[in-house]
Number of protein chains: 2
Amino acid sequence: MKAGTSKKTVKKSADFRRAAEVFKALSNPNRLLIVDALSEGERCVADLTALVGLDMSTVSAHLAVLRNVGIVSDERRSTQIFYSLRRPCLMNVFCCLDEFHSEGD
Amino acid sequence: MKAGTSKKTVKKSADFRRAAEVFKALSNPNRLLIVDALSEGERCVADLTALVGLDMSTVSAHLAVLRNVGIVSDERRSTQIFYSLRRPCLMNVFCCLDEFHSEGD
DNA sequence: GCTTTACTTGGTTATTTTGCAAAGTATCAA
DNA sequence: TTGATACTTTGCAAAATAACCAAGTAAAGC
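Residues numbered from 1 in each chain as written. Chains lettered and ligands numbered in written order. Predicted model: local features only at pLDDT ≥ 70, side-chain atom pairs only at ≥ 80, totals over all residues. Heavy atoms only, no water.

Chemist: Is there a simple way to explain the interface of chain B and chain A in this structure?
Modeler: Many authors give the size of an interface as the accessible area that is lost as the parts come together. Taken together, the contact pairs 37 residues of chain B with 37 residues of chain A. Of the roughly 3,400 Å² buried between chain B and chain A, counting both surfaces, carbon and sulfur atoms make up 71%. Three residues, Phe16(B), Phe23(B) and Phe100(B), lead the burial of chain B against chain A; their summed loss comes to 22% of the area buried on that side. Counting every contact that joins chain B to chain A gives zero salt bridges. Run the count over chain B and chain A and you get zero residue pairs in polar contact (both at pLDDT 80 or more). Breaking the side of chain B that touches chain A down by element, the ones donating at least two residues are helix H1 (13-25), helix H2 (29-38) and helix H5 (90-102) of chain B. (Contact = heavy atoms within 4.5 Å. Buried area = accessible area lost by both parts, 1.4 Å probe. Salt bridge = Lys/Arg side-chain N within 4 Å of Asp/Glu carboxyl O. Polar contact = N/O pair within 3.5 Å; in protein donor to acceptor, adjacent residues only side chain to side chain. Helix = DSSP H or I, 4+ residues; strand = E, 2+ residues; numbered from the N terminus.)

Chemist: Help me out: how do you make sense of the packing of H2(B) against helix H4 (residues 56-68) of chain B in this one?
Modeler: If you want to describe how two helices pack, look at the angle between their axes and the distance between the axes. Residue and element names in this part refer to chain B. Where H2 meets H4, the closest approach of the two axes is 10 Å, and the angle between their N-to-C directions is 75°. Classified by the interaxial angle, the pair formed by H2 and H4 is roughly perpendicular. In contact with Asn30, Arg31, Ile34 and Val35 of H2, H4 contributes Val59, His62, Leu63, Val65 and Leu66. When grouped by side-chain class, the residues that make up the contact of H2 with H4 number six nonpolar, two polar and one charged. (Axes fitted to C-alpha atoms, helices over the stretch in contact; angles between N-to-C directions. Parallel < 35°, antiparallel > 145°, perpendicular 65-115°, else oblique. Nonpolar A, V, L, I, M, F, W, Y, C, P; charged D, E, K, R; others polar.)

Chemist: Would you explain the sheet that holds strand E3 (residues 80-85) of chain B in this entry?
Modeler: Strand pairing in a sheet takes place through backbone hydrogen bonds and is either antiparallel or parallel in direction. Residue and element names in this part refer to chain B. Strand order across the open sheet formed by three strands is E1-E3-E2, with antiparallel pairing between neighbours. Across the chains shown, the open sheet's two edge strands, defined by having one partner strand only, are strand E1 (43-44) and strand E2 (72-77). Here two bridges tie E1 to E3, and the two strands are oriented antiparallel to one another. Within E3, the position partnered with Cys44 by the bridge is Phe82. Along the sheet, H2 makes contact with E1, E2 and E3, crossing E3 at roughly 85°. (Pairing = 2+ DSSP bridges.)

Quick look at the structure:
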């Protein structure tokens, strides 16, 4: 643990705003579907579009949301653009969610 | 690990919808502020209202959102209603988010 | 240069979210 | 039972989101 870092972190308004943005990016089922697909490796937009079954422009917008909060990155190779997950720890979030739901009432 | 459970879980549309609802509940800075406060113990609505600095009706609505996805539970004691976190693992999500941001570029 | 392919951006519409204020409900105390 | 306290619910306006289609851009091939 770094110096100046304590277990009980002091959180500021900006921290909550930033965290909320990440959660908001993950708050749509189609984006989660995309994130899940990317967890198995990079995919181009056409593949993701086929996967989610919406208009490509819509999928492109979803990818922009994920990109803007740093969840995915894109790389153009000739005419295609490949997206991939930037944050391996995102998969932990999914695991935590499984736990969340299986704790049930 | 239970029988019938594999590492590579097959996820259905309903799973993504349910997960998205939890993320949506966490996608607002004021709700995150509330969750953070509750991570230190139960609080009544008046206390949470003072904390977030919005109208009590607004805070009540935020609490309803968190309650509807099972993140918090409420218990009336005389005229006050105390809210508390139902899911300890939610704090793991916060840890994961810290990790998320500190990986950042 | 022109076309095609693969994507993104802009415009529009319907729906959802977030806030406040006012009215409603539950509990307690006088 | 009347009033006060502590919430919740309803009604409403402003802003954000998610979807489509149409138009714009970037790279590759002809």
